[in-house]
Amino acid sequence: MAADIIALPTDAITVADQHLMYQIETDVASPSDAFRFVITVYEDSVSGTLLGKFYLTPNPQDYTFFNLAEAVRGLCQVDDRTYGGTTAIHSLSANYFTRSNGNIKKFVVGAGEWDGSTETLNDITETIYLIDGHFQISQGLDPSFTAYYPKLSTAKTWLTDRIPASNIVTINAAEEDEGVVAFLNRSLLNGQSISSTVKFEFAVYTASGTQLSTRDITINTTNGAQLSTASTPVNGFMCYLAAYPANIDAITSDLTNNPTWGYYDFIPQTSVFDAQSGNKLRFVKNCRPLKHQAVQLAWANSVGSWDYLRFDGRKLKTVTREEKTYRKQIGDYNGNSFSFNPFDREITPYQVEAKETYQLNGILTSEEYGLFQYCFRSKNIMARIDGTWIPVTLKESSLQVESDTTSKVYIATINVELAQLIRC
């Protein structure tokens, strides 16, 4: 039988796109040429959906190595709509939270053997929870994801590629900006402590730091999430917070009621003496009066959630057209005489396609420009144009990023294309 299985990565929850290696060994001495390890992959449990069965030959040391990432590729995807709904997730405003529709999944890896005549399955198993996202090879084998476990005040907590400063993740946003920020929501998994956060303190301040209002937002089913102690369902182990100004104000009206607000914080807290259990998430008001509607760009980031940037410059819309034509015979062949009209068409299109492209223009800070590189790596990009979220693809092929910043602001111009064909 399969005697042992050693799992790398060692974190209970991590991102799916990396080397997820499992080392399996056998207690069979000198296995025969017919011997194979039998690796099974299930979603949720060994009685759940069987995703695949793999027969692997032992190496000269009688081990085999299995990369789970290849078996689950594409199964975890950042959510683009609210839980069980059709609303774009960026516009979440019916509640504080929404659960994942399927971004977080539980997988079970089983190891068994085939000795040439008899097959055994799942002699030993390992469980892991995965979300969309990726680690780079340069980060090594088994990079830690524990920085995103909301259990310590020094933990980054928020699933964003933004870099904290002094344990604060800061986002500049205008009052009309929409968006969500995700976090993990499970107290214990696979014997590992994941989260001690049970609520967020939401506090609004003036630009000088005078507190205007405060309230507690409990992580529970009433507010659209589930308790961090709940053992099921898995999709509640990851939640999105309606965090951007337009979202939170639609729920609380705290910003409308305090028009002098300069920034607001979400502070993760435990149930014990309201101790802080993660980095603060801070939104700083960034009002730029415009005569036109700005464009928000959103993309699935490297840690399973969404990041956003705002482009304030005027957008330039371009419509391009492609067509295929054929030569049509003119004239009426069905009557008792032949005739045609001088406006009858001879060259006739039979397939016409149109595409919309938008040129986005804006001024980005050095931090925002550095963040923008992750948009170039994303497979899922959306844009809020004229108040509506639409899927787009990035038409640019490169971005120059300075490692030693010499400028505080950058003028950015990019082109995105609507990821839908225009019907003609």
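Residues numbered from 1 in each chain as written. Predicted model: local features only at pLDDT ≥ 70, side-chain atom pairs only at ≥ 80, totals over all residues. Heavy atoms only, no water.

### Topic: the environment of tyrosine 205
- Relative to the elements of secondary structure, tyrosine 205 occurs in strand β14 (residues 199-206).
- Placed 50 residues apart in sequence, tyrosine 205 and leucine 255 show a C-alpha to C-alpha distance of 9.8 Å.
- Apart from residues no more than four positions distant in its own chain, tyrosine 205 is found in contact with Thr210, Gln211, Leu212, Trp261, Gly262, Tyr263 and Asp265.
- Polar side-chain contacts of tyrosine 205 include one of 3.5 Å to the side chain of glutamine 211. (Helix = DSSP H or I, 4+ residues; strand = E, 2+ residues; numbered from the N terminus. Contact = heavy atoms within 4.5 Å. Polar contact = N/O pair within 3.5 Å; in protein donor to acceptor, adjacent residues only side chain to side chain.)

### Quick look at the state of the cysteines
- Under the defined criterion, the tally for this structure stands at zero disulfides.
- With no disulfide of its own, cysteine 76 lies 16 Å from the sulfur of cysteine 239, the closest cysteine sulfur.
- Residue class for cysteine 239 comes out buried when judged on its relative accessible area of 0%. (Disulfide = S-S within 2.5 Å. Buried < 20%, exposed > 50% of the residue type's maximum accessible area, 1.4 Å probe, protein only.)

### Some words on the environment of arginine 81
- Of note, arginine 81 is situated in the loop between α1 (68-71) and β7 (97-99).
- The class of arginine 81 is partly exposed, set by a relative accessible area of 40%.
- Arginine 81 sits 194 residues away from alanine 275 along the chain, and the two C-alpha atoms are 32 Å apart.
- Not counting residues within four places of it along the chain, the set of residues in contact with arginine 81 comprises Thr86, Thr87, Ala88, Ile89 and Asn101.
- Only 3.0 Å separates the side chain of arginine 81 from the side chain of aspartate 80, close enough to count as a polar contact.

### What about helix α2 (residues 245-252)?
- Looking only at α2, the buried set comprises Pro245, Asn247, Ile248, Asp249 and Thr252.
- For α2, the secondary structure elements touched by its buried residues are β10 (168-173), β14, β15 (211-218), β16 (238-242), β17 (261-269) and β18 (280-285).

### Considerations on the nonpolar core
- Core analysis: the largest hydrophobic core is formed by 57 residues, its most contacted members being Phe145, Phe266 and Phe283.
- Excluding anything up to four places from it in sequence, phenylalanine 266 contacts Trp158, Glu201, Phe202, Ile217, Leu241, Ala242, Ala243, Ile248, Asn279, Lys280, Leu281 and Phe283.
- Within the second largest apolar cluster, 23 residues are counted, among which are Leu297, Phe311, Ile381 and Ile390. (Core = buried A, V, L, I, M, F, W, Y, C linked by side-chain atoms within 4.5 Å.)

### Some words on the pairing of β15
- Alignment of β14 against β15, held across seven bridges, turns out to be antiparallel. Bridge pairing in β15 places valine 204 opposite serine 213.
- The turn linking β14 back onto β15 is made up of four residues, and glycine 209 within it adopts a positive phi angle of 100 degrees. (Pairing = 2+ DSSP bridges.)

### Looking at the side chain of threonine 160
- Topologically, threonine 160 is positioned in the loop between β9 (119-134) and β10.
- A distance of 3.0 Å separates the side chain of threonine 160 from the backbone nitrogen of arginine 162, its partner in a polar contact.
- Leave out the neighbours within four places in its chain, and threonine 160 touches Tyr148, Val169, Asn301, Val303 and Asp307.

### Some points on the sheet that holds β15
- A sheet is described by the order of its strands in space; here five strands give the open sequence β10-β18-β17-β14-β15, paired in mixed fashion. Of all the strands in the sheet, just β10 and β15 have a single pairing partner and so form its edges. With strand direction ignored, the average angle separating the axes of adjacent strands in the sheet is 15 degrees.
- In the sheet, β14 pairs with β17 via eight bridges, with the strands oriented antiparallel. Within the sheet, the bridge partner assigned to tyrosine 205 lies in β17 and is tyrosine 263. (Axes fitted to C-alpha atoms, helices over the stretch in contact; angles between N-to-C directions.)

### Some thoughts on the pattern of salt bridges
- Taken as a whole and assessed by the stated rule, the structure comprises 17 salt bridges.
- One salt bridge connects aspartate 80 with arginine 81, and the closest N-O pair in it is separated by 3.0 Å.
- Judged by relative accessible area, which is 29%, aspartate 80 ranks as partly exposed.
- Residue arginine 384 is joined to glutamate 178 by a salt bridge in which the shortest nitrogen-to-oxygen separation is 3.4 Å. Of this pair, arginine 384 sits in strand β23 (residues 381-385) while glutamate 178 sits in the loop between β10 and β11 (180-184), and the two are 206 residues apart along the sequence. For the pair shown, arginine 384 and glutamate 178 are each scored as buried.
- Among the ionic contacts, a cluster of salt bridges with common partners joins Glu176, Asp177, Arg310 and Asp312. (Salt bridge = Lys/Arg side-chain N within 4 Å of Asp/Glu carboxyl O.)

### With respect to the sheet that holds strand β2 (residues 13-17)
- With respect to topology, five strands assemble into an open sheet ordered β2-β9-β8-β4-β5, the strand pairing being mixed. Each having just a single partner strand, β2 and β5 (49-56) make up the two edges of the open sheet. The mean inter-strand angle of the sheet, taken between neighbouring strand axes irrespective of direction, is 40 degrees.

### Re a nonpolar patch on the surface
- A surface patch of nonpolar side chains, about 380 Å² in accessible area, is lined by Tyr333, Phe338 and Phe340.
- Structurally, the position occupied by tyrosine 333 is in the loop between β21 (316-327) and β22 (347-365).
- A relative accessible area of 58% means that tyrosine 333 is categorised as exposed. (Patch = residues over 30% accessible without salt bridge, like charges linked within 9 Å, V, L, I, M, F, W, Y side chains within 5 Å. Areas by Shrake-Rupley, 256 points an atom, 1.4 Å probe, with all protein chains shown as cover.)

### Considering the packing of aromatic side chains
- Considering all chains together, one arrives at 27 aromatic pairs under this definition.
- Taking the centre distance of 5.7 Å and the plane angle of 85 degrees together, the rings of tyrosine 264 and phenylalanine 266 count as edge-to-face. Assigned by exposure class, tyrosine 264 and phenylalanine 266 land together as buried.
- Ring geometry for tyrosine 308 versus tryptophan 389: centroids 6.2 Å apart, planes at 70 degrees, classification edge-to-face. Linking tyrosine 308 in strand β20 (residues 306-311) with tryptophan 389 in strand β24 (residues 388-394), this pair joins segments that are 81 residues apart in sequence.
- Among the aromatic side chains, those forming a connected cluster through ring pairs are Phe202, Tyr244, Trp261, Tyr264, Phe266, Phe283, Tyr308 and Trp389. (Phe/Tyr/Trp six-rings, centres within 6.5 Å; stacked < 30°, edge-to-face > 60°.)

Don't take any of this as a statement about function, it's just geometry.
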